[in-house]
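A structural walkthrough
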Amino acid sequence: MLRSKEKQGWWLVTHPDHAHLAGEFASKWGNELFAAPEPRENVLRGIYAHDDGWRARDAAPVITKEGKPAAFSKELVGKYSAFEEIDLTAYLAVRREAVQLMAKEDPYAAILISMHTHNLLSERADRSTIRAEGLVWLDAFLVEQMTLQRALREQLVDESRLDEEQLTPRTLHRHFQLLQACDNLSLLGCVDFEGEATLLHLFTTKSGETTEIAVKRVGARSFRLSPYPFAEPNLKFKFPARYAEGERFRSSEELREKLEVAERVEIEVSITS
């Protein structure tokens, strides 16, 4: 889950709900400066569903050793040293499941999810925090993902359902960057991140220039993006969250009981140019 502290408790958001918000961002991407994604349906499907592997785990949340909800928080923005407070084998399992679930439905979308997963665990993970046996598992997982990406791309080429340009490494990389950009913006909104941030990658404009997209918090869950990548100048989005009262919990069962009776509240995120 994702958590943000408020008063004497926590706002908690499931990974699939966070990913759905990322998909909503992606659905608005594209203007006179930045191109909209194509093939649109496949790219959006991948972004909307990129965290579906977390669904079962989020349905049965657990607590940390300190009694907090085990979740992604604003302290982990830009870091992958804590693996969202779960053990590495469990983390790899949920990441693998997200890719496998999508591979059966949409190989193109699955490639993007796999690229996202590979990047998180290769370029963004702090290997110094992982034990030796864990590094063996991690490296095997990374090889597995690269092998799967090649196989899925070859499958799509053989099927000839998409334009050749849409299957080039350059186009796939651009759509992977979009997934990560929207994922990061969703994380910032869900945990109400207060620091300086970007959408992670350098983006190529329609004119061929590359630029970083800066994110500035201008209010509670309100962010200004520059340069602005969306079709409309002022956008509002909503995502569901539940509030669990209590700074610490005696057990995972106590946390689950509080969430079971908690009302799902729609929280608003504003994006402006």
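Values in this document were obtained by computation on a predicted structure and should not be read as measured data.

1. Some details on the side chain of S270
With respect to the helices and strands, the residue S270 is situated in strand β7 (residues 264-272). Given a relative accessible area of 11%, S270 falls into the buried group. Reaching out from S270, the side chain makes a polar contact with the side chain of K236 at a distance of 3.2 Å. Contacts of S270, omitting those with residues within four sequence positions, involve R221, S222, F223, L235 and K236.

2. Considerations on the packing of helix α5 (residues 107-122) against helix α6 (residues 132-159)
Their axes nearest at 9 Å, the elements α5 and α6 cross at an angle of 155 degrees. Between α5 and α6, the angle is such that the two are roughly antiparallel. Once α5 is placed against α6, the crossing between them reads as left-handed. Between α5 and α6, the contacting residues are P107, Y108, A110, I111, S114, M115, T117, H118, L121 and S122 on the first element and L138, F141, L142, Q145, M146, Q149, L152, R153, Q155 and L156 on the second.

3. Focus: helix α8 (residues 252-261)
Among the residues of α8, those classed as buried are S252, E254, L255 and L259. What you see down the axis of α8 is that its buried residues fit within an arc of 160 degrees, all on one side. Turned more than 90 degrees away from the buried face of α8 sit E257, E260 and V261, all of them exposed.

4. With respect to the pairing of β7
When a strand is regular, its side chains alternate between the sheet's two faces. In this structure, strand β5 (residues 222-226) lies alongside β7, joined through three bridges in parallel fashion. Across the sheet, residue R224 finds its bridge partner in β7, namely T272. Pairing geometry for strand β6 (residues 234-245) and β7, over nine bridges, is antiparallel. Within the sheet, the bridge partner assigned to K238 lies in β7 and is E268.

Definitions and cut-offs
- Residues numbered from 1 in each chain as written.
- Predicted model: local features only at pLDDT ≥ 70, side-chain atom pairs only at ≥ 80, totals over all residues.
- Heavy atoms only, no water.
- Helix = DSSP H or I, 4+ residues; strand = E, 2+ residues; numbered from the N terminus.
- Buried < 20%, exposed > 50% of the residue type's maximum accessible area, 1.4 Å probe, protein only.
- Polar contact = N/O pair within 3.5 Å; in protein donor to acceptor, adjacent residues only side chain to side chain.
- Contact = heavy atoms within 4.5 Å.
- Axes fitted to C-alpha atoms, helices over the stretch in contact; angles between N-to-C directions.
- Parallel < 35°, antiparallel > 145°, perpendicular 65-115°, else oblique.
- Left-handed = near helix turned anticlockwise from the far one by under 90°.
- Arc of directions from axis to C-beta.
- Pairing = 2+ DSSP bridges.

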